[in-house]
Amino acid sequence: MKKMLLISAVLSSSLFAASFEDNIKDLIEKQTNAKVNVVNSVDLKDSKNLKMVIVEIADGTAQRIPMFATSDGNTVIGLSNIFFTASKTDENIVSKTADEAMAYNESGQKEAAGKLINALSPEQYITLKSSTKNPKTYFIVADPNCGYCREELRHIEDRLKTHNVNMVIVGILGEDSQKKAAYLVNNIKSNMSEKDKIKGIKEVFSSNFKAPAKIDTSKVNATTESLFKTGVIRGVPYIYEK
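This is a predicted model, so every value here is computed, not measured. Each chain carries its own residue numbering, running from 1 in the direction its sequence is written. Only residues with pLDDT of at least 70 are given local features in this predicted model, and only at 80 or more are side-chain atom pairs given and counted; all residues enter the totals for whole chains, interfaces and linings. As a rule here, side-chain values come from all non-hydrogen atoms in the structure, and water together with hydrogens is ignored.

Trainee: Account for the pattern of salt bridges, naming residues and giving values.
Mentor: The working definition used for a salt bridge is a side-chain nitrogen of Lys or Arg within 4 Å of a carboxyl oxygen of Asp or Glu. Under the criterion given, the structure shown has 12 salt bridges. As a salt-bridge pair, E152 and R159 come within 2.4 Å of each other at their nearest N and O atoms. When a residue's accessible area, from a 1.4 Å probe over protein chains only, is under 20% of the maximum for its type it is buried; when over 50% it is exposed; and in between it is partly exposed. By relative accessible area, which is 12% here, E152 ends up buried. Note that D176 is salt-bridged to K180, the shortest N-O span being 3.3 Å. Taken together, the residues D176 and K180, both in helix α6 (residues 175–187) and 4 residues apart, mark about one turn of the helix. Numbering goes from the N terminus for both helices and strands, where a helix is a DSSP run of H or I of at least four residues and a strand is a run of E of at least two.

Given below as structure tokens:
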């Protein structure tokens, strides 16, 4: 949570460091205990003594956060959705910098999620094969009790017209989800037809399906933990194209 305070908090300091970047780093790290690096700073043209700054959190996620800072680096102001200025030039600088940080974060998030998904073994997902030639592949991470996942399943036949689909069944919505996911993974066999696999998946994802009272959920729990423990993938359905 402390890292996210960078978005909304106004931080100030009387620290004196060797440079603007040093002051920014020292200030944020002291206030949040998060290690950061300053990756870019741009002077606002008509808002004197203010800079637009991008800092990167050095925690392995490399998330970049845009913010304002005074020219001495001793005050930081988080960038919010409300920003007004009479200067079109400064408005463009802020918009461009924020868009660059967002694009970088989305690209990094997709890459990190891809590494997690590509590390899965075939036993951890249900493969549905497309009839088209040289198809790409979708990985769809889904929970049996997720309403949006049920909606996604309505389009599974359409996706199979152009892509293979690997269904990664997880249980993030509680014990009932874990039991349903385990039942599904155990009962869908690789030698089944695609039609029968889809029928079995939709049956378990139905709101009427009752999970077995006793079933080993350890494999499903391991898959769920491997995908969600880092926070890169935060919800379902999550769709990744390979």
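Trainee: Please provide a residue-by-residue account of the pairing of strand β9 (residues 238–241), values included.
Mentor: A one-sided burial pattern is seen for β9, the buried positions being Y238 and Y240 and the unburied ones I239 and E241. Sheet topology places strand β7 (residues 136–142) next to β9; 4 bridges connect them, and they run antiparallel. Each bridged residue has a counterpart across the sheet, and for Y138 the counterpart in β9 is E241. Between any two strands, at least two bridges found by DSSP are needed for them to pair.

Trainee: Outline the side chain of K197, supporting the account with residue identities and numerical values.
Mentor: The topology assignment puts K197 in helix α7 (residues 194–205). Judged by its relative accessible area of 6%, K197 falls in the buried class. Each residue touching K197, except ones within four places of it in the same chain, is listed here: I126, T127, L128, I188, K189, S190 and M192. Should any heavy atoms of two residues lie within 4.5 Å, those residues are counted as being in contact.

Trainee: Can you tell me about the packing of α6 against α7, naming the residues and giving the values?
Mentor: In this analysis an axis means a line fitted to C-alpha atoms, helices contributing only their contacting stretch, and an angle means the value between N-to-C directions, from 0 to 180 degrees. α7 packs onto α6 with a crossing angle of 165 degrees between their chain directions and a minimal axis gap of 10 Å. As judged from the angle between their axes, α6 and α7 are roughly antiparallel. Where α6 crosses over α7, the handedness of that crossing is right-handed. Residues K180, Y183 and L184 of α6 lie in contact with α7, whose contacting residues are G200, I201, V204 and F205. Only Asp, Glu, Lys and Arg are considered charged, only Ala, Val, Leu, Ile, Met, Phe, Trp, Tyr, Cys and Pro nonpolar, and every remaining residue, Gly among them, polar. A class-by-class count of the residues in the contact of α6 with α7 yields 5 nonpolar, 1 polar and 1 charged. Each angle is binned into one of four classes, with values under 35 degrees roughly parallel, values over 145 roughly antiparallel, values of 65 to 115 roughly perpendicular, and all other values oblique. Take the far helix as your reference; a near helix turned counterclockwise from it by less than a right angle gives a left-handed crossing, and one turned clockwise gives a right-handed crossing.

Trainee: With reference to specific residues and values, describe the sheet that holds β9.
Mentor: Spatial ordering of the open sheet is given by β6-β8-β7-β9, a layout of 4 strands whose pairing is mixed. Edge positions in the sheet fall to β6 (126–128) and β9, since each has one partner strand and no second. On average, each strand axis in the sheet is tilted by 20 degrees relative to the strand beside it, whichever way the strands run. Here helix α3 (residues 88–118) sits on the sheet and contacts β7 and β9; the angle it forms with β9, its principal contact strand, is near 90 degrees.

Trainee: Break down the environment of C149 for me, citing the residues and quoting the values.
Mentor: With respect to the element layout, C149 can be found in helix α4 (residues 147–153). With 88 residues separating them in the primary sequence, C149 and P237 have C-alpha atoms 5.3 Å apart. Other than its neighbours up to four places away in sequence, C149 contacts A142, D143, F205, V236 and P237.

Trainee: Go over the pairing of β7, please, and point to the residues and values.
Mentor: The element β7 is largely enclosed, with a buried count of 6 among its 7 residues. Note: β7 against strand β8 (residues 163–169), 7 bridges, orientation parallel. Directly across from K136, in β8, lies its bridge partner H163.

Trainee: I'd love a proper account of helix α8 (residues 218–228), names of residues and values included.
Mentor: Within the sequence span of α8, burial applies to V220, T223, T224, L227 and F228. Looking straight down α8, one finds its buried side chains confined to an arc of 110 degrees; they lie on one side. Across α8 from its buried face, at more than 90 degrees, point the exposed residues K219 and E225. Residues of α8 that are buried make contact with α3, β7, β8 and α6. In this description, the arc belongs to the directions extending from the helix axis to the C-beta atoms.

Trainee: Let's hear about the nonpolar core: which residues, and what values?
Mentor: The biggest cluster of nonpolar side chains holds 39 residues, and the ones touching the most others in it are M167 and L227. When residues of this core are assigned to their parent elements, the largest contribution, 5 residues, is made by β7. Contacts of L227, omitting those with residues within four sequence positions, involve L116, I117, L120, V141, V168, V170 and I233. One finds I57, I65, M67 and A69 within the second-largest nonpolar core, a separate group that totals 13 residues. Take the buried residues of types Ala, Val, Leu, Ile, Met, Phe, Trp, Tyr and Cys, join any two whose side-chain atoms come within 4.5 Å, and each joined set is a nonpolar core.

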